[in-house]
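Chain and residue survey
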Amino acid sequence: MQVLENIAALDRAQAYLGAFTVPSHGPEAALCRSAVAHAAARTPGRESIVNGQISAALTGAAGDVPLAGRASSLFVNPLMAMYFTFDLAGLAAQSLYLSRIRGTDTMLQVSHLIERFRDEVTPRPRVAFPH
């Protein structure tokens, strides 16, 4: 629910550019699947689970789709081929911790500062989707 609230806030700030879906039968889907396969071949044992799910969705697959190196079930669905687009400056302006991570050099530094930020704030309560 919070992601939808955040997209609405970005829309009000004119930073939401829209959404689009990549159909499984289009050339873009084929290129994406090829790129995922190429990356997986170059990183054996460390294949991206997220990219694997998106690639599976771009074949029209749905449900529990087995992926290399993953024992637990994953729910692949057509929404995984949907992309939401935002204006980068508008998105960055909504970040509550951007100023803290601006001078970082590594993902570990970013992760540590975000974790510290989360310790200092009270998150919004989770709300179930009403439908």
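Everything in this summary refers to the structure shown in the same document. What you see is a predicted model; the values in this text were computed from it and never measured.

To continue, consider the nonpolar core. Ranked by size, the top nonpolar core spans 12 residues in total: Val22, Ala29, Ile54, Ala56, Ala57, Leu58, Val65, Leu67, Leu74, Val76, Met80 and Ala81. Among residues more than four places away in sequence, those in contact with Ala57 are Ser24, Val76, Asn77, Met80 and Ala81.

What follows concerns a nonpolar patch on the surface. Taken together, the side chains of Met1, Val3, Leu4, Val127 and Phe129 make up a nonpolar region of the molecular surface, amounting to roughly 470 Å² of accessible area. Tracing the sequence through the fold places Val127 in the segment after helix H6 (107-120).

All right, on to the packing of aromatic side chains then. Under the defined criterion, the tally for this structure stands at 3 aromatic pairs. With a centroid separation of 5.5 Å and 20 degrees between ring planes, the pair formed by Phe20 and Tyr83 is classed as stacked. Of this pair, Phe20 sits in strand S1 (residues 16-21) while Tyr83 is found in strand S4 (residues 82-86), placing the two residues 63 residues apart along the sequence. Note on Phe20: relative accessible area 43%, which makes it partly exposed. Residue Tyr83 is classed as partly exposed on the basis of its relative accessible area, which comes to 30%.

Our next topic: the side chain of Gln53. Relative to the elements of secondary structure, Gln53 occurs in helix H3 (residues 49-57). Setting aside residues no more than four positions away along its own chain, Gln53 makes contact with Leu67, Leu74, Phe75, Val76 and Met80.

Right, let's get into the pattern of salt bridges. Evaluated as defined, the whole model comprises 2 salt bridges. Where Glu5 meets Arg124, a salt bridge forms, and the shortest distance between an N and an O atom there is 3.2 Å. With a gap of 119 residues between them, Glu5 in helix H1 (residues 2-12) and Arg124 in the segment after H6 connect regions that are remote in the sequence. The class for Glu5 is partly exposed, based on a relative accessible area of 33%. For Arg100, the salt bridge is made with Glu120, and the minimal N-O distance between the two is 2.7 Å. Taken together, the residues span a long stretch of sequence, with Arg100 in helix H5 (residues 98-101) and Glu120 in helix H6 at a distance of 20 residues. Assessed through its relative accessible area of 35%, Arg100 is described here as partly exposed. The class of Glu120 is partly exposed, set by a relative accessible area of 48%.

This paragraph deals with unusual backbone geometry. For Gln14, which is not glycine, the phi torsion reads 60 degrees and is therefore positive. The topology assignment puts Gln14 in the loop between H1 and S1.

Okay, the layout of surface pockets next. Quantified by volume, the largest pocket comes out at close to 700 Å³. If you go around the largest pocket, you meet 16 residues; those closest to its centre are Asn6, Gln94, Leu96, Tyr97 and Arg124. Secondary structure elements with two or more residues in the lining of the largest pocket: H1 and H6. Of the residues forming the lining of the largest pocket, the biggest block, 4 residues, is contributed by H1. Considering the residues around the second largest pocket, the lining is formed by 12 residues, among which Val36, Ala40, Glu47, Ser48 and Gly52 are closest to the centre. Those elements giving two or more residues to the lining of the second largest pocket turn out to be helix H2 (27-42) and H3. In terms of residue class, the lining of the second largest pocket is built from 6 nonpolar, 4 polar and 2 charged.

Scoring rules and cut-offs
Residues numbered from 1 in each chain as written. Predicted model: local features only at pLDDT ≥ 70, side-chain atom pairs only at ≥ 80, totals over all residues. Heavy atoms only, no water. Core = buried A, V, L, I, M, F, W, Y, C linked by side-chain atoms within 4.5 Å. Buried < 20%, exposed > 50% of the residue type's maximum accessible area, 1.4 Å probe, protein only. Contact = heavy atoms within 4.5 Å. Patch = residues over 30% accessible without salt bridge, like charges linked within 9 Å, V, L, I, M, F, W, Y side chains within 5 Å. Areas by Shrake-Rupley, 256 points an atom, 1.4 Å probe, with all protein chains shown as cover. Salt bridge = Lys/Arg side-chain N within 4 Å of Asp/Glu carboxyl O. Helix = DSSP H or I, 4+ residues; strand = E, 2+ residues; numbered from the N terminus. Phe/Tyr/Trp six-rings, centres within 6.5 Å; stacked < 30°, edge-to-face > 60°. 1 Å grid on protein atoms, 1.4 Å probe; cavity = no way out; pocket = protein on both sides within 12 Å on 5 of 7 lines; lining within 4 Å. Points joined across faces, edges and corners; volume = space filled by probe spheres on them. Nonpolar A, V, L, I, M, F, W, Y, C, P; charged D, E, K, R; others polar.

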